[in-house]
Amino acid sequence: MIRIISLSYLILFLCSCNATKTVTPTKSITQVAIQKPNAPKNIILLIGDGMGMGQISAGTYMNDNTSALERFPIVGLHKPHCSDSLITDSAAAATSFASGIKTYYNAIGVDTDSLPVPTILEEAESKSMVTGLVATSTIVHATPAAFYAHNKSRRNYEEIAVDLVDSGVDYFVGGGNKFFTRRESDERNLAYELKEKGYAIGNYLSDFTQFFETNKERKKIGFLTADKDPLPQLQGRDYLENSSLRGIEFLDGLSSENGFFLMIEGSQIDWGGHANNPEYIVSEFIEFSNLIHKVLDWAENDGNTLVVVTADHETGGFTIQPGSEMGNLKTAFTSKKHSGDFIPVFAYGPGSELFSGLYENTAIYHKMRKALDWK
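What you see is a predicted model, and the numbers here were worked out from it, not measured in a lab.

One finds Phe147, Phe172, Phe180, Phe261 and Phe355 to be the most contacted residues of the largest nonpolar core, which totals 53 residues. Core analysis: the next-biggest nonpolar cluster, separate from the first, contains 45 residues, Ile286, Val309, Ile343 and Phe346 among them.

The following block contains the structure:
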C-alpha cells in the first residue's frame with residue numbers, strides 16, 4: 001500500500017514539473033502551408049497512334065526487353081471510346097485530347113452538333129505560347145488535324161489544309177504536299193500562301209538542315225515530307241527523331257518566357273496494326289521509343305517541361321501468343337480495325353502527378369490545362 005501511494009506522488013510531481021515548461025503546439029494539417037507544385041512552362045504531347053499494350057509489350061520484348069516508357073514515374077489509363085461508338089477512331093480520340101470533349105467518329109475539332117470547339121493548341125497561342133506539330137502521316141491526317149482544324153469529316157483533307165494555313169502554328173513537319181500545291185477543289189497554292197504569311201516552307205529531304213542553318217530571323221517553319229503519306233520506317237523514313245528534336249530547340253528559342261506546346265505523333269504504329277504486320281508495328285514502336293528517350297533527356301535538362309505519352313486507341317487486337325520467347329515472338333490479331341481496349345498514359349515533369357489513375361480520354365486535355373494553371 002505504501003509503494004502504491006509513493007508511486008502516485010511521483011507521477012503527480014513529474015507532471016507538475018512538465019506543466020511549467022513552454023510547449024510549442026503542433027500545427028494541424030490545415031495550418032501547414034502546402035506548397036503548390038510548379039506549373040510547367042512547356043508541354044510535349046507524344047501520341048503513338050494505335051499503340052496499345054500489345055504494341056508496347058511486343059516492341060519492348062523485341063528491343064532487348066526495354067523501352068523509354070520505363071523511365072516515366074507516373075502511369076495511368078484512359079478510356080478511348082467516342083460519343084457514338086465504343087470503338088473510336090483517331091479523329092474523335094484526338095479531338096478529345098485537344099478539346100476535352102467526346103465527339104463522333106470521324107469528327108475533327110467539332111462537337112456532336114458539328115460545331116467548332118477550341119483546341120489546346122489554339123488556347124496556347126492565345127496565351128502567347130508557340131506551337132508545333134510533327135507527324136509521320138500527312139500533316140492533315142486525323143491526329144495532327146484535331147489540334148488546329150475544325151471539320152465535320154477527317155476525310156476533307158483540302159479543307160483541313162486551309163485550316164492549317166490559318167492556324168498560326170509555328171512549326172510543322174509531315175506529309176501531304178499534294179493537298180497544299182495540287183488541289184482538286186480549287187487552284188490555290190497553299191504553300192505559297194504560307195510563305196506570304198511569313199513561313200519558311202520547304203521539302204524536308206532537301207531543305208531541312210539548310211533552313212535551320214540560315215533561318216536567323218526565327219520565322220515560322222513548315223516542312224512537307226512527302227507528296228501524300230510518308231514511307232514506313234522499314235522503307236527508309238527517318239525524319240521523326242531529327243525533326244522533333246530540332247523542332248523542340250526551335251520552339252524553345254522562339255518561346256521566350258511563355259513556353260511552347262508541341263504534339264508529336266508516331267502515326268504508323270497504327271498502320272502496322274491495320275496491316276496485321278508485327279514487324280511494321282515493332283519497327284515503328286522502337287523508332288517512337290528512341291525519340292521518347294531523347295525528349296526525356298531534353299526535358300530532364302530543362303526542368304520546366306511536362307512530357308505526356310499516350311495513344312488514341314489500339315489497332316488490330318494485337319497480342320503475344322504462347323510459345324513466344326524474348327526477341328522471338330509469336331503474335332496474333334483479332335481484326336484489322338481498332339479495338340476498344342483501355343490505353344496507357346505516361347507522364348514526366350511538372351504536373352505529371354495529375355495523370356495517374358483511370359479516366360476518360362477527355363481528361364488528358366483538362367489535366368494539361370490544370371498543369372499549366374489555366375483558369
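That shown, we press on.
On to the pairing of strand β3 (residues 130–138), then. In regular strands, side chains alternate between the two faces of the sheet. Of all nine residues in β3, nine are buried; the element is thus mostly enclosed. Bridging between β3 and strand β7 (residues 260–266) involves six bridges; their strand directions are parallel. Note that in β7 the partner of alanine 135 across the bridge is glutamate 265. Where β3 lies against strand β4 (residues 171–175), four bridges are found, and the strand directions are parallel. Paired with valine 134 across the two strands is valine 173, which belongs to β4.

What follows deals with the packing of helix α10 (residues 239–255) against helix α12 (residues 278–302). Two elements in contact, α10 and α12, have axes whose closest approach is 9 Å; the angle formed by their N-to-C orientations is 25°. Classified by the angle between their axes, α10 and α12 sit roughly parallel to one another. Crossing geometry of α10 relative to α12 is assigned as right-handed. For the pair α10 and α12, the contacting residues are Leu240, Glu241, Ser244, Leu245, Ile248 and Asp252 in the first and Glu287, Phe288, Asn290, Leu291, Lys294, Val295 and Trp298 in the second. Classifying every residue of the contact of α10 with α12 by side-chain character gives seven nonpolar, two polar and four charged.

All right, on to the pairing of strand β1 (residues 42–48) then. Across the seven residues of β1, seven count as buried, placing the element largely inside the fold. Alternating residues of β1 divide into Asn42, Ile44, Leu46 and Gly48 and Ile43, Leu45 and Ile47, and every residue in both groups is buried. Sheet topology places β1 next to strand β8 (residues 305–310); six bridges connect them, and they run parallel. By the bridge assignment for β8, leucine 46 is matched with valine 309.

Another aspect to go through is the sheet that holds β3. Strand order in the open sheet formed by ten strands is β5-β6-β4-β3-β7-β1-β8-β13-β2-β14, and the pairing between neighbours is mixed. Edge positions in the open sheet fall to β5 (199–203) and β14 (357–360), since each of these has one partner strand only. Pairwise comparison of adjacent strand axes, ignoring direction, gives a mean angle of 15° for this sheet. Against the sheet, α12 contacts β1, β7, β8 and β13 (343–348), and its axis sits at roughly 170° relative to β1.

Further remarks concern the packing of helix α2 (residues 53–61) against α12. When two helices pack together, their arrangement is captured by the angle between the axes and the distance separating the axes. One way to put it is that α2 packs onto α12 with a least axis distance of 9 Å and a crossing angle of 80°. Between α2 and α12, the angle falls in the class roughly perpendicular. Every residue of α12 that contacts α2 at Gln55, Ile56, Ala58, Gly59 and Thr60 is listed here: Ile281, Val282, Phe285 and Ile286.

Rules of the game
- Residues numbered from 1 in each chain as written.
- Predicted model: local features only at pLDDT ≥ 70, side-chain atom pairs only at ≥ 80, totals over all residues.
- Heavy atoms only, no water.
- Core = buried A, V, L, I, M, F, W, Y, C linked by side-chain atoms within 4.5 Å.
- Buried < 20%, exposed > 50% of the residue type's maximum accessible area, 1.4 Å probe, protein only.
- Helix = DSSP H or I, 4+ residues; strand = E, 2+ residues; numbered from the N terminus.
- Pairing = 2+ DSSP bridges.
- Axes fitted to C-alpha atoms, helices over the stretch in contact; angles between N-to-C directions.
- Parallel < 35°, antiparallel > 145°, perpendicular 65-115°, else oblique.
- Left-handed = near helix turned anticlockwise from the far one by under 90°.
- Contact = heavy atoms within 4.5 Å.
- Nonpolar A, V, L, I, M, F, W, Y, C, P; charged D, E, K, R; others polar.

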